[in-house]
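Summary of the model geometry
Letter by letter, the chains look like this.
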Amino acid sequence: MDQPAIEFRRVVKRYGDTTAVAGIDLQIEQGELVTFLGPSGCGKTTSLRLIAGLELPSSGQVYIAGRDVSHDPASSRNIGMVFQSYALFPHMSVLENVIYGPTLRGLSKRAAIDSARELLDLIGLQGLGDRLPSELSGGQQQRVAVARAIIQQPDVILFDEPLSNVDAKLRRKVRDEIRSLQRRFGLTAVYVTHDQEEALAVSDRIVVMNQGQIEQVGPPSMLYERPKNAFIANFIGDANLISGVIQGGIFKATDVLIPLQDQDGPAVISVRPERIGLLSGGSATILSASYLGSRIEYLVDALIGEVLVSRPIFEPRFEAQDSVTLQFDPTTIIRVG
Amino acid sequence: MNRVSLTWARFSWPTFLVFLTLILPWYDSGSESVFAEAIGDKSWLFPIVLLTGILSILALIDPNWRRHALAGPLVITGLCWLFLQAFTIGLRGPHWLLILDLFPSAVDGQTGFGFGAWALVLALVGALSEVLAARGFCRGDRFASFSVIGIASLLGLFVLFPILKLVFAAFVSNDGVISIYPFFSRLVAPDLWGAACLIGAGRCGVVINSVVLGILAGISATGLGLALALLVSRTDFRMKRWLRALSILPIITPPFVVGVAIIVLFGRTGIITVEVASLLEIRPSRWVYGLPGILMAQILAFTPVAFLVILSALEAINPTLEEASTTLGARPLTTFRKVTLPLLRPALAAAFLLTFIESLADFGNPIVLGGGYDVLSTKIFFAVVGAQYDLGRAATLSVVLLLLTVTAFAIQQVWVGRSTYVTVSGRSDAGLVSPAPPVIKWIAVLMVAPFVFFTFGVYLIVLIGGFVHDIARMELAPTFTHLWTAFSFEISDTGLQLYGSAWNSMITTLWVSALSAPLTMGIGILTAWLIARQEFAGKHIFEFITLLSFAIPGTVVGVSYIAAFNIPPIDMTGTLWILVICFVFRNMPVGMRAGLAALAQIDRSMEEASQTMGAGGARVLRDVVLPLIKPSVFTALVYAFVTAMTAVSAVIFLVSARHNMATAYIMGRVENGEYALAIAYSTVLMLVMIVCVALMNLMIGRRILGRRLSFKEGSPS
Ligand SMILES: Nc1ncnc2c1ncn2[C@@H]1O[C@H](COP(=O)(O)OP(=O)(O)OP(=O)(O)O)[C@@H](O)[C@H]1O
Ligand SMILES: [Mg+2]
């Protein structure tokens, strides 16, 4: 029972000369929502399709619920998938769409209809069973797609950028709905997105990918607060990367000295923009100030280079050309290189 | 429930067939099972018995081929041995004397494949596809894997193999010796390449004749097609729908009837010839026989194709390009010359090459109107069917013809590219199309007018010719005698008696069409789906071969089928099946194209959704793909049906006294000069086609639309 819901063992997927997934090891636990996050073309969709069985690995193994499914086609794995375009069958009614899977797997039509009705009621689609997908709003279509994916209690449910067709205002609501459904049914879910805010909001754990490989895996807070390398620091939230040297517990970069207990040698540190304070007067100059409603972002020209600083709106404000001094909080500085 | 579906997943149908192989008669005529034959004197069948035995035992242990590591090599060995023995030991003993040392009894030879052998072929192909699917072929989908391997085998057997046999036959001398010499001596014969006519001195060789005809037909049809397309899309002539409907006419027009109508109009005693001759006081001549007549008939037949190709390109041109040119100060004529025409160039080239290929492949018109003007397709026909049967010569001519059409086709594919293939349609919001400049418009009208009159005249003859006393002599008294000659019947107490001379061919034609149309459509659409949606090793070769069968002229197919299927192991000439098979593989590329075009419009994630919900390839196809591409399925079906009823070039070689086809019968009547009968039969054929298509529409079309509509109406909105 306690084996991982999904396990990748040295999974590689090649398309001709391009390597979409370059040797991934990963375990996903039962009932967990894991997000694949990364820049475009890094292999997120491919990894998801490898779980679904829509692609078979070039080498390595995929396990679902402890079973090696590396050579099984999609139809013989027990998974549910929500597609970016929803992929509802336009020639079937909502109800027919939802009962399609259960009847294929041998459930009687009557029983399938009963459980489909129940599920549709549960997710707020009561009375829409006889409509065609084209007669539903985008958000409703999305819910049908989710209902269709979870009705047969899959071992895992897969989402490929499920929010990219939802308009910006609805996104937060739909994302919370997905999260609460997943929790309520205790589903294992894998979620692909390239929106880091979305990933931070919904995930139990995030898998950050780059060029077909995993850069770091961990809960959102860990990735944000303790990024393993410069790529992660930069990709999850904004970060100022400063290169310098550590010598005897002090990080030095031109005129900056910060206490940092770490191994001696050249180093790169990451400082979050909201963790830098600004004091009036000094050697640094404000290049620009952007008003963002809840905060102000300053681009500051300092001796160590250009630094991005983000300050709450209620603090004293600065204008471009003002002279300032940067204030670093040593406890929030992470060495990333 | 899961248990049930699991047992079914384990079941594998090739298992059954392997068992069957052991019982069914192995050879085609009055034979016993492979076991009995092997024990008899056909000792070379023992490996097959052994193999079938091992496979049966494996199947008994576990019917799932995917579990047996040994199955793959075994199956491949089996297929190799099966075909090796079949092709090396023929009807009159082995082809290589060496074999006699191994199997002395082979001297008596063997006949062709029977049920047992075919069952084994099918079983082995099935087992092979299951084994490969288990290794991840076609992403592990058994159905897709079987489809790929099955269709590849069929293409190999019914497209590639005959062509190879044909090429081989070109190298066999008349007394059966294989060498390069006979091919070259046939190839350089002066009646192939003579070019005397080009300098105005005597006749040309058939190759030159064919190419000249092809180029002339290509240029004329493309020019006319362009004129028609411009009139339809760039002027205020309101005849678009009419012209589109009219462009279907050549497809449903049986061969020869246009030729006959041209003879009736322009022959030596033709209506127009006689009128003009008496007007000018000259003697009526046989001027129409030869290049002029064939060219007229071909222009009539191929202009619609050119028209459709050019029209779709013309409609795909973004109007803003022309508007841009106008706003830059160009006059309409300049815009037309500098913008519109260059944009049309790929489509014009495509139209020309397509017409060129069709003209080379055309058989019906040259045979009726050719006179002394020989072209490749007719020469090939007479080499096989004529007084001196000479397969070697027919094969050599076929190779030449094939090279010409394949080259033209390759140019079309590579040079013109796919720009004409994928056309953008449904453009409604991108500005207004600029009308053609007046000069262009009037040139187009001047070009099109004679064509329209001519078409009108020809079809008028076709329409009335069968129902008047003697159209050729302008005796226009209405009569049904011709029809009655062809289709007389009697209803007596012994039931319906069919006396008419045409019944036999009509019934065969209907059977062949009805059998081949769904098969053609099925294989075509399935192939399209495999190419569009599956990833598998060798896909490019697969695609290439399906495309290749586009470019093979019917005459070449006919000869190649004779070369390939006249002798064991695959001995099918004279049967109904060879006709059906011939149509299936000739028309399947059209269904494939229709399918590819339709599939390109469909989001493939719907199919993937179906897969993730547990549907295998066959269910995906049935539940999702077919319902969504039904219009193209229907088009493919209708096309396959209609072409099977009107095609002649390949079947003329394959018909037999027992299984005669309508077109072959009509050709016989034309050769006898029974024009009225030929026309009457053709008219009936066209009517039958229209009725059948309407019926199909009613049965299939209604069901498609009906379902969707009822849903729409039934739901509150
Ligand atoms: N069917 C295919 N054939 C060839 N290459 C492919 C195929 N599918 C994906 N690739 C390549 O594999 C790499 C990873 O693709 P993938 O779709 O997994 O990226 P992704 O992380 O989902 O990107 P995005 O955020 O843009 O969706 C890309 O370089 C892509 O070009
Ligand atoms: Mg993607």
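This structure is a prediction, so every number in the text was calculated from the model and none was measured.

Regarding the overall build of chain B
Each helix and strand counted, chain B has 32 helices and six strands in total. For 717 residues, the compact-globule estimate of 2.2 N^0.38 gives 27 Å, and chain B sits close to it at 28 Å. In terms of principal-axis extent, the alpha carbons of chain B reach across some 85 × 70 × 65 Å. Counting every position in chain B, which comprises 717 residues, the buried fraction comes to 54%. Charge-centre separation for chain B: the mean point of 45 positive side chains lies 9 Å from the mean point of 36 negative side chains.

Some details on unusual backbone geometry
Phi angles above zero are rare outside glycine, and glutamine 321 of chain A is one such case at about 80°. Among the structural elements, glutamine 321 of chain A can be located in the loop between strand S17 (305–312) and strand S18 (323–328). In this model, phenylalanine 256 of chain B sits at a positive phi of 75°, which is unusual for a non-glycine residue. For phenylalanine 256 of chain B, the position within the fold is in the loop between helix H13 (249–252) and helix H14 (257–266). We classify phenylalanine 256 of chain B as buried; its relative accessible area is 1%.

Considerations on a nonpolar patch on the surface
Residue and element names in this part refer to chain B. On the surface, a nonpolar cluster with roughly 770 Å² of combined accessible area is contributed by Trp484, Phe489, Ile491, Leu496, Leu498, Ile507 and Trp511. Looking at the nonpolar patch, the elements with two or more residues in it are strand S5 (489–492), strand S6 (495–498) and helix H24 (503–533). With respect to the helices and strands, the residue tryptophan 511 is situated in helix H24.

Some thoughts on the pairing of strand S15 (residues 276–291) of chain A
All names here are of chain A. Sheet analysis places S15 next to S18, joined by seven bridges and oriented antiparallel. Bridging across to S18, leucine 278 finds its partner in leucine 326. In sequence, S15 turns back onto strand S16 (residues 295–302) through a hairpin of three residues, with glycine 293 there showing a positive phi of about 85°.

Re the domain arrangement of chain B
Residues and elements named next belong to chain B. Split into domains, chain B comes out as domain 1 (3–135), domain 2 (192–252 + 287–436) and domain 3 (498–714). Summarising the inter-unit geometry, the C-alpha centres of domain 1 and domain 3 are found 31 Å apart. On the domain 3 side, the residues contacting the nine residues of domain 1 number four residues. Carbon and sulfur atoms supply 79% of the area that domain 1 and domain 3 bury against each other, a total of about 500 Å² over both sides. Together, Phe87, Gly112 and Trp118 form the three largest contributors to the area buried by domain 1 at its contact with domain 3, with a combined 46%. On inspection of domain 1 and its partner domain 3, the count reaches zero salt bridges. Taken together, domain 1 and domain 3 are joined by one residue pair in polar contact (both at pLDDT 80 or more). Across the side of domain 1 that touches domain 3, the residue classes break down as five nonpolar, three polar and one charged.

Considerations on the site of ligand 1
Residue and element names in this part refer to chain A. Taken together, Tyr15, Thr18, Ala20, Ser40, Gly41, Cys42, Gly43, Lys44, Thr45, Thr46, Glu161 and His194 make up all the residues around ligand 1. In the model, an oxygen atom of ligand 1 is placed 2.5 Å from a nitrogen or oxygen of the serine 40 side chain. Between ligand 1 and the protein, one listed contact pairs an oxygen atom with a side-chain N or O atom of lysine 44 at 2.8 Å. The set of elements that each furnish at least two residues to the shell around ligand 1 consists of strand S2 (18–28) and helix H1 (44–52). Among the elements that make up the shell around ligand 1, the one with the highest residue count is H1 (three residues). A per-class count over the shell around ligand 1 returns three nonpolar, seven polar and two charged.

As for the pattern of salt bridges
Overall, the coordinates contain 23 salt bridges over all chains when judged by the stated rule. Here arginine 311 of chain A ties to glutamate 315 of chain A by a salt bridge, and the two come within 2.8 Å at their closest N and O atoms. Classification of arginine 311 of chain A by relative accessible area gives buried; the value is 14%. Accessibility expressed as a relative area gives 26% for glutamate 315 of chain A, which makes it partly exposed. The salt bridge involving glutamate 130 of chain B is made with arginine 142 of chain B; its shortest N-O contact spans 3.2 Å. Of this pair, glutamate 130 of chain B sits in helix H7 (residues 115–134) while arginine 142 of chain B sits in helix H8 (residues 142–170); the two residues are 12 residues apart in sequence, bridging distant segments of the chain.

Remarks on the nonpolar core
If you look at the biggest cluster of nonpolar residues, it comprises 258 residues, and the most contacted ones within it are Ile262, Val458 and Tyr561 of chain B. With 14 residues, helix H27 (residues 576–600) of chain B is the largest single contributor of residues to this core. Leave out the neighbours within four places in its chain, and valine 458 of chain B touches Val258, Ala261, Ile262, Leu265 and Leu300 of chain B. One finds Val146, Ile151, Val174 and Val202 of chain A within the second-largest nonpolar core, a separate group that totals 34 residues.

Examining the packing of aromatic side chains
All names here are of chain B. Enumeration over the complete set of coordinates arrives at 27 aromatic pairs over all chains. Ring centres of phenylalanine 266 and phenylalanine 454 lie 6.3 Å apart, and the angle between their planes is 40°; on these two criteria the pair is classed as tilted. Of this pair, phenylalanine 266 sits in helix H14 while phenylalanine 454 is found in helix H22 (residues 438–465), placing the two residues 188 residues apart along the sequence. A centroid spacing of 6.0 Å and a plane angle of 70° characterise the contact between phenylalanine 467 and phenylalanine 480, whose relative ring orientation is edge-to-face. Separated by 13 residues along the polypeptide, phenylalanine 467 in the loop between H22 and strand S3 (468–470) and phenylalanine 480 in the loop between strand S4 (475–478) and helix H23 (481–487) bring together distant segments of the chain.

Thoughts on the interface of chain A and chain B
With 34 residues of chain A in contact, the opposing surface of chain B contributes 29 residues. Here chain A packs against chain B, burying approximately 2800 Å² in sum over the two surfaces, 60% of which is carbon and sulfur. Sorting the residues of chain A by area buried against chain B places His91, Tyr100 and Leu104 of chain A first, and these three jointly supply 20% of that buried surface. Applying the counting criterion to the chain A and chain B interface returns two salt bridges. Between arginine 49 of chain A and glutamate 608 of chain B there is a salt bridge, with its nearest N and O atoms 2.8 Å apart. Of all the secondary structure elements, the ones that give two or more residues to the side of chain A that touches chain B are H1, strand S6 (79–82) and helix H2 (94–104) of chain A. The residue makeup of the side of chain A that touches chain B, split by class, is 17 nonpolar, eight polar and nine charged.

Let's talk about the packing of H27 of chain B against helix H30 (residues 630–646) of chain B
Residues and elements named next belong to chain B. For the pair H27 and H30, the least separation of the axes is 9 Å and the interaxial angle reads 160°. Classified by the interaxial angle, the pair formed by H27 and H30 is roughly antiparallel. H27 and H30 meet at a crossing whose hand is right-handed. Judged by residue contacts, Phe583, Asn587, Val590, Gly591, Ala594 and Ala598 of H27 engage Ser632, Ala636, Tyr639, Ala640, Thr643 and Ala644 from H30. Tallied by class, the residues present in the contact of H27 with H30 amount to eight nonpolar, four polar and no charged.

Regarding the confidence of the model for chain B
All names here are of chain B. With 92% of its residues at a pLDDT of at least 70, chain B reaches an overall mean of 82. Across residues 1–9 the pLDDT falls below 50, and counting only partners more than four positions away or on other chains, this stretch makes five contacts in the model. Overall, residues 419–430 carries pLDDT values under 50, and its contacts beyond four positions in sequence, including any with other chains, amount to 16 contacts. Scored by ipTM, the complex comes to 0.86, with pTM at 0.85.

Rules used throughout
Residues numbered from 1 in each chain as written. Chains lettered and ligands numbered in written order. Predicted model: local features only at pLDDT ≥ 70, side-chain atom pairs only at ≥ 80, totals over all residues. Heavy atoms only, no water. Helix = DSSP H or I, 4+ residues; strand = E, 2+ residues; numbered from the N terminus. Rg over C-alpha atoms; globule rule 2.2 N^0.38 Å. Buried < 20%, exposed > 50% of the residue type's maximum accessible area, 1.4 Å probe, protein only. Lys, Arg positive; Asp, Glu negative; His and termini not counted. Charge placed at Lys NZ, Arg CZ, Asp CG, Glu CD. Patch = residues over 30% accessible without salt bridge, like charges linked within 9 Å, V, L, I, M, F, W, Y side chains within 5 Å. Areas by Shrake-Rupley, 256 points an atom, 1.4 Å probe, with all protein chains shown as cover. Salt bridge = Lys/Arg side-chain N within 4 Å of Asp/Glu carboxyl O. Pairing = 2+ DSSP bridges. Domains from an automatic or database assignment. Contact = heavy atoms within 4.5 Å. Buried area = accessible area lost by both parts, 1.4 Å probe. Polar contact = N/O pair within 3.5 Å; in protein donor to acceptor, adjacent residues only side chain to side chain. Nonpolar A, V, L, I, M, F, W, Y, C, P; charged D, E, K, R; others polar. Near = heavy atom within 4 Å. Core = buried A, V, L, I, M, F, W, Y, C linked by side-chain atoms within 4.5 Å. Phe/Tyr/Trp six-rings, centres within 6.5 Å; stacked < 30°, edge-to-face > 60°. Axes fitted to C-alpha atoms, helices over the stretch in contact; angles between N-to-C directions. Parallel < 35°, antiparallel > 145°, perpendicular 65-115°, else oblique. Left-handed = near helix turned anticlockwise from the far one by under 90°. pLDDT = per-residue confidence, 0-100.

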